[in-house]
Amino acid sequence: MLPRFLTSSYAMEGHYFLLPKFALSLIGFYPEQERTLGLRLWSFFNFFILTYGCYAEAYYGIHYISIDIATALDALCPVASSILSLLKMVCIWYYQDELKSLIQRVRILTEAQHSKRKLGYKKRFFTLASRLTTLLLCAGFCTSTLYSVRHLLDNVLRRAHGKDWIYETPFKMIFPDPLLRLPLYPLTYILVHWHGYITVVCFVGADGFFLGFCLYLTVLLLSLRDDVIDLLEVANIEDSPTAENEARIVREFEKLVDRHNEVAQLTERVSGVMVEITLGHFVTSSLIIGTSVVDMLLFSGVGIIVYLVYTCAVGTEIFLYCLGGTHIMEASSDLARSTFSSHWYGHSVRVQKMALLLVARAQKVLTIKIPFFSPSLETLTSILRFTGSLIALATSVIR
C-alpha cells in the first residue's frame, strides 16, 4: 500500500517538487524558503559538516592507500558522493534566485493546463516524479543508515568475543583524537551520521529538481501539442476556410508559438542552472559504481549489502537523469510529428507557413544541454558499458 502522497489521487499541487522541497528544507537550502537569520545559520552548519566530512574522508582514504587498499576504498567510495553532494549544495545556493524563478514560472504554466487530457498528463508525470524521487530518497537513506548499522554490528560482535570497542565513525574519517574518545565520541558519531544524511538530501534535492523540471516541461509540450492539433482540426477538408476563422486561427497560433518559445527558453535556463551538477554527476557515476562493485568483492557480510544498496542508489540517480532527458526529447519530437500530421494543409497559406515553421523549430529537439553529451537512455547504456569495463579491469588487477 503506497503512502497517499505517492498515489495519483493526491492533489497535483502537492506533487509539485514535493520531495526536493522536503529534502532541501531539512538543511535550509530550498530556494523558496524565507532566508531568516536562523535558517542561514542552520544552512552554514550543514555546509560546514558536509565540507569537513569531505576533507576527513578524502584524507583518510589517501592516507590508507599505501597501507590497506580495501580500507582506502571503503573511505574513497563514499567521499566521491560526498564531494558531488557538496557541489550540488553549492550550486543550489548559488542559483537559488534563478531556481526560485523557474519553480514559480513552471508552476504558473502547468496550473494553466485544465482540460481533461492535460490533467491526465499532469497526474501521470507529477506522480511519476514524486515516486521516482521517493525511490532515490529511500535508496540513499538505506545506504547511509547501513554504514552506521555495519559499524555497530562489527563492534557488537567484537564485544561479544571479548574484544575492545573500536572508536571509529560510520564513514571512515580522520578526526583529532579527543573527538574519538569518551565523552565526545557519541557527539562525533551523531554528526558523522548526519553528514551521511546531508549527502542524501542534497542528492534528492538536486536530482529531484532535474527530473521534476524535465517532466513538468514534458507536460507543457504535450499540452501544446494537443492545442496545436485542436486548433488546426478541420471538419471537412474540402470546405474553403473563411477569412474570419483563419484570422482567429492566426491569432491563436501566434500564442501557441509564443508558448513553444517560452518552453524552449525555460529548457535553456534549466540547462544553465543544472550544468555543473549534471556534468559532475555523470563524470563520477561510473567511478562510484565501479568502486562499489570492487568493494563488494573485497568485503563480506553486511559490507556486501552496504555496497549493493549503494550501487543501486547511484544507478537510480543516473536513471532519473537519463529518463528525464529522454522524456523531454521525445515530447519535443512528438510535437513536430503531430503538427505535421494535423490538418495544417486545409488552412490558408499564412497558417500553413506558421505550422511548418513550428514543425521546423520542434524538430530541433529540446534537450538539457550538458558539455559533451545530453542525458538520455542512450547515454545510460554507454555509462553502463564503461562501468562494466572498469569493473573488469579492477577485478583483473585484484586477482
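As the structure is a prediction and not an experimental result, all values here were calculated from the model.

A few points about the packing of helix α3 (residues 37-64) against helix α7 (residues 185-232)
Between α3 and α7, the least distance of the axes is 9 Å, while the angle of their chain directions is 105 degrees. In terms of axis orientation, α3 runs roughly perpendicular to α7. Contacts from Trp 42, Phe 45, Asn 46, Ile 49, Leu 50, Gly 53, Cys 54 and Glu 57 of α3 reach α7 at Leu 191, Trp 194, His 195, Ile 198, Thr 199 and Cys 202.

What to know about the packing of aromatic side chains
Evaluated as defined, the whole model comprises 23 aromatic pairs. Each ring, one from Tyr 167 and one from Tyr 185, has its centre 4.9 Å from the other, and the planes form 85 degrees; the classification is edge-to-face. With Tyr 167 in the loop between α6 (116-160) and α7 and Tyr 185 in helix α7, this residue pair connects regions lying 18 residues apart in the sequence. The class of Tyr 167 is partly exposed, set by a relative accessible area of 36%. Between Phe 210 and Tyr 321, the ring centres sit 4.6 Å apart and the planes meet at 40 degrees, which makes this aromatic pair tilted.

Overview of the UniProt feature "transmembrane region" (unreviewed entry) in the protein chain
The UniProt record annotates "transmembrane region" (unreviewed entry) at residues 14-30, 42-60, 72-95, 125-149, 194-222, 279-298 and 304-323. Secondary structure across residues 125-149 divides into 100% helix and 0% strand, with the first and last C-alpha atoms of the span separated by 36 Å. The straight-line gap between the two end C-alpha atoms of residues 304-323 is 28 Å; of that span, 100% is helix and 0% is strand.

A closer look at α6
Working note: α-helix, 3.6 residues per turn, so residues spaced by three or four point in the same direction. Relative to the 66 Å expected for 45 residues at 1.5 Å per residue, α6 spans 64 Å between its end C-alpha atoms, a close match to the ideal helical length. With its phi angle positive at about 80 degrees, Gly 162 sits one or two positions after the end of α6.

Focus: the pattern of salt bridges
Applying the stated criterion to the full structure yields 15 salt bridges. A salt bridge links Lys 88 to Glu 317, with the nearest nitrogen and oxygen atoms 3.8 Å apart. Placement of Lys 88 in helix α4 (residues 69-94) and of Glu 317 in helix α9 (residues 302-340) is noted, with a sequence separation of 229 residues between them. Connected through shared salt-bridge partners, Arg 117, Arg 225, Asp 226, Asp 230, Asp 334 and Arg 337 make up one network.

Things to note about unusual backbone geometry
Here Leu 182 and Pro 183 are connected by a cis peptide whose omega angle stands at 10 degrees. With respect to the secondary-structure elements, Pro 183 resides in the loop between α6 and α7. At Phe 17, a position not held by glycine, the phi torsion is positive, near 50 degrees. Tracing the backbone through its elements, the reader meets Phe 17 in the loop between α1 (12-15) and α2 (18-27).

Remarks on the environment of Leu 39
For Leu 39, the location among the structural elements is in helix α3. The exposure class assigned to Leu 39 is buried, which follows from its relative accessible area of 13%. A sequence separation of 10 residues divides Leu 39 from Phe 29, and the C-alpha atoms of the two residues are 8.7 Å apart. Every residue in contact with Leu 39, bar those within four places of it in the chain, is listed here: Gly 28, Gln 33 and Glu 34.

Let's talk about the environment of Asp 230
Along the chain, the position of Asp 230 falls in helix α7. Judged by relative accessible area, Asp 230 falls into the partly exposed class, the value being 42%. Remark: the alpha-carbon pair of Asp 230 and His 343, spanning 113 residues in sequence, is separated by 9.5 Å. A distance of 2.7 Å separates polar atoms of two side chains, one belonging to Asp 230 and the other to Arg 117.

Describing a nonpolar patch on the surface
On the surface, Ile 62, Ile 65 and Ile 69 cluster together into a nonpolar patch covering about 290 Å² of accessible area. With respect to the helices, strands and loops of the structure, Ile 62 is situated in helix α3. A relative accessible area of 57% means that Ile 62 is categorised as exposed.

With respect to the environment of Phe 213
Along the chain, the position of Phe 213 falls in helix α7. Residue Phe 213 is classed as buried on the basis of its relative accessible area of 0%. Between the alpha carbons of Phe 213 and Val 106 there is a distance of 8.0 Å; along the sequence they are 107 residues apart. Look past the residues within four positions of Phe 213 in its chain and what remains in contact with it is Phe 17, Leu 99, Leu 102, Ile 103, Val 106 and Val 270.

Thresholds, definitions, all that
Residues numbered from 1 in each chain as written. Predicted model: local features only at pLDDT ≥ 70, side-chain atom pairs only at ≥ 80, totals over all residues. Heavy atoms only, no water. Axes fitted to C-alpha atoms, helices over the stretch in contact; angles between N-to-C directions. Helix = DSSP H or I, 4+ residues; strand = E, 2+ residues; numbered from the N terminus. Parallel < 35°, antiparallel > 145°, perpendicular 65-115°, else oblique. Contact = heavy atoms within 4.5 Å. Phe/Tyr/Trp six-rings, centres within 6.5 Å; stacked < 30°, edge-to-face > 60°. Buried < 20%, exposed > 50% of the residue type's maximum accessible area, 1.4 Å probe, protein only. UniProt positions renumbered as here; feature names shortened; annotations may be inferred. Expected span 1.5 Å × (residues − 1). Salt bridge = Lys/Arg side-chain N within 4 Å of Asp/Glu carboxyl O. Polar contact = N/O pair within 3.5 Å; in protein donor to acceptor, adjacent residues only side chain to side chain. Patch = residues over 30% accessible without salt bridge, like charges linked within 9 Å, V, L, I, M, F, W, Y side chains within 5 Å. Areas by Shrake-Rupley, 256 points an atom, 1.4 Å probe, with all protein chains shown as cover.

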